[in-house]
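These are the residues of each chain, in order.
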Amino acid sequence: MGVPLAIVASFTILWGSVRALQQDEIKKRLAFSTISQVSYIVLGAALASPLAMIGGLVHLIHQGLMKITLFFCAGIYDERAGVKRIDGLNGLGALMPWTSACFSLGALGMIGLPPLAGFVSKFYLGLGALEAGAPWVLGVLLASTLLNAAYFLPLLYRLWFLPCAEGAGGNERAPGLVLPAVVTATATLGVGLLAASPISPLGWATLIVSRGAGP
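Residues numbered from 1 in each chain as written. Predicted model: local features only at pLDDT ≥ 70, side-chain atom pairs only at ≥ 80, totals over all residues. Heavy atoms only, no water.

Digging into a nonpolar patch on the surface
Spelled out, the test is: Think of a patch as exposed residues, more than 30% relative accessible area, with no salt bridge, where like charges cluster within 9 Å and nonpolar side chains (Val, Leu, Ile, Met, Phe, Trp, Tyr) cluster within 5 Å. Exposure was quantified through the Shrake-Rupley algorithm and a 1.4 Å probe, taking into account, for residues, occlusion by the shown protein chains and nothing else. Salt bridges are counted wherever a side-chain nitrogen of Lys or Arg sits within 4 Å of a carboxyl oxygen of Asp or Glu. Where helices and strands are cited, they refer to DSSP runs of H or I of at least four residues and of E of at least two residues respectively, numbered from the N terminus. Between buried and exposed lies partly exposed: a residue is buried under 20% and exposed over 50% of the maximum accessible area for its type, with that area taken using a 1.4 Å probe on protein chains only.
Where nonpolar side chains cluster on the molecular surface, the patch consists of Ile-199, Trp-204, Leu-207 and Ile-208 and spans about 430 Å² of accessible area. Structurally, the position occupied by Ile-199 is in the loop between α8 (175–193) and α9 (201–212). Its relative accessible area of 67% is what places Ile-199 among the exposed residues.

So, the nonpolar core
So the rule is basically this: Working definition of a nonpolar core: buried Ala, Val, Leu, Ile, Met, Phe, Trp, Tyr and Cys residues. They are joined through side-chain atoms within 4.5 Å. Contact definition: two residues touch when any of their heavy atoms are within 4.5 Å.
Ranked by internal contacts, the top residues of the largest apolar core, which has 32 residues, are Ile-26, Tyr-77, Leu-89, Phe-103 and Phe-152. Not counting residues within four places of it along the chain, the set of residues in contact with Phe-152 comprises Leu-30, Ser-33, Leu-70, Ala-107, Met-110 and Ile-111. If you look at the next biggest cluster of nonpolar residues, it comprises 14 residues, including Ala-6, Ala-9, Leu-125 and Ala-129.

Quick word on the environment of Val-83
In this fold, Val-83 is placed in the loop between α3 (50–81) and α4 (92–95). Once the C-alpha coordinates of Val-83 and Leu-95 are considered, the two residues, 12 residues apart in sequence, prove to be 13 Å apart. When sequence neighbours within four positions are dropped, the list of residues in contact with Val-83 reads Ile-26, Ala-74, Tyr-77, Asp-78, Gly-88, Leu-89 and Leu-92.

With respect to α9
Keep this limit in mind: In a helix, the anticipated span is given by 1.5 Å times the number of residues less one.
If you check α9, its first and last C-alpha atoms are 16 Å apart, about what 12 residues at 1.5 Å a residue would give, namely 16 Å. Residues Pro-201, Leu-202, Gly-203, Ala-205 and Val-209 constitute the buried set of α9. Those residues of α9 that are buried are in contact with α3, α6 (117–131) and α8.

A closer look at the side chain of Ser-36
In plain terms, the rule: Between N or O atoms, a polar contact is any pair within 3.5 Å; within protein, one atom must be a potential hydrogen donor and the other a potential acceptor, and residues adjacent in sequence are included only when both atoms are from side chains.
Following the sequence through the fold, Ser-36 ends up in helix α2 (residues 26–47). Polar side-chain contacts of Ser-36 include one of 2.7 Å to the backbone oxygen of Ile-13.

Remarks on the packing of α3 against α9
Going by this rule: Only C-alpha atoms enter the line fits that serve as axes; for helices the fit covers just the stretch in contact. Angles between N-to-C directions range over 0 to 180 degrees. Here is the rule for angles: anything less than 35 degrees is roughly parallel, anything more than 145 is roughly antiparallel, 65 through 115 is roughly perpendicular, and the remaining ranges are oblique. Each crossing gets its handedness from the near helix: less than a right angle anticlockwise from the far helix is left-handed, clockwise is right-handed. Each residue gets one of three labels, nonpolar for Ala, Val, Leu, Ile, Met, Phe, Trp, Tyr, Cys and Pro, charged for Asp, Glu, Lys and Arg, and polar for the others, Gly among them.
Here α3 crosses α9 at 135°, and the two axes come no closer than 9 Å. Relative to α9, the element α3 lies oblique. Judged by the sense of rotation from one axis to the other, the crossing of α3 with α9 is right-handed. Contact with α3, carried on its side by Pro-50, Met-53, Ile-54, Leu-57, Val-58, Ile-61 and His-62, involves Pro-201, Leu-202, Ala-205, Thr-206, Ile-208 and Val-209 of α9 and no other residues of that element. Here the residues of the contact of α3 with α9 are counted per class, giving 11 nonpolar, 2 polar and no charged.

Purely geometric numbers; function is a separate question.
Okay, here's the thing in structure tokens:
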């Protein structure tokens, strides 16, 4: 069942990304992105090679860190600026720099920019695909990465490069609201930078797979 499951997972990765691209609300875009990202985990399990399983297993943690950061930030935009739709993000980078920096780290991690968490997951899934004799998966990963960029980069452009709409507001005078996003965004960067550490998510995933594949 490995190959059929890998094909279904690959289809879902791309379908979720295409549906995310069609959404105008921030949380809906993130929700469809989650469908796509969870399918990376299924893909790693379906390929069943050690490196692919490491990539899928570590993405359980990496995807969780990146996506909870993005949802934290979406909630802050809603609560502190009344912004629910993507077109309301214009200029919020200047008004809400901490939230917007965290959102940017989460989004760039989802795209797979090194050295963030998402790069580590995709790198191991790609190596695992070659190890499993399924080089076509590299095309799926590339297409997904381009789609990730297509639905996240416009949001970052709006945050940092477009002027605020007239009458727009937003503030971060609620440290308790912003702090969780800062913690998870920092972790998104940290687990990528410290991926070689034996106590990183990648280290634990490698240990789990190596023991499971052992005698």
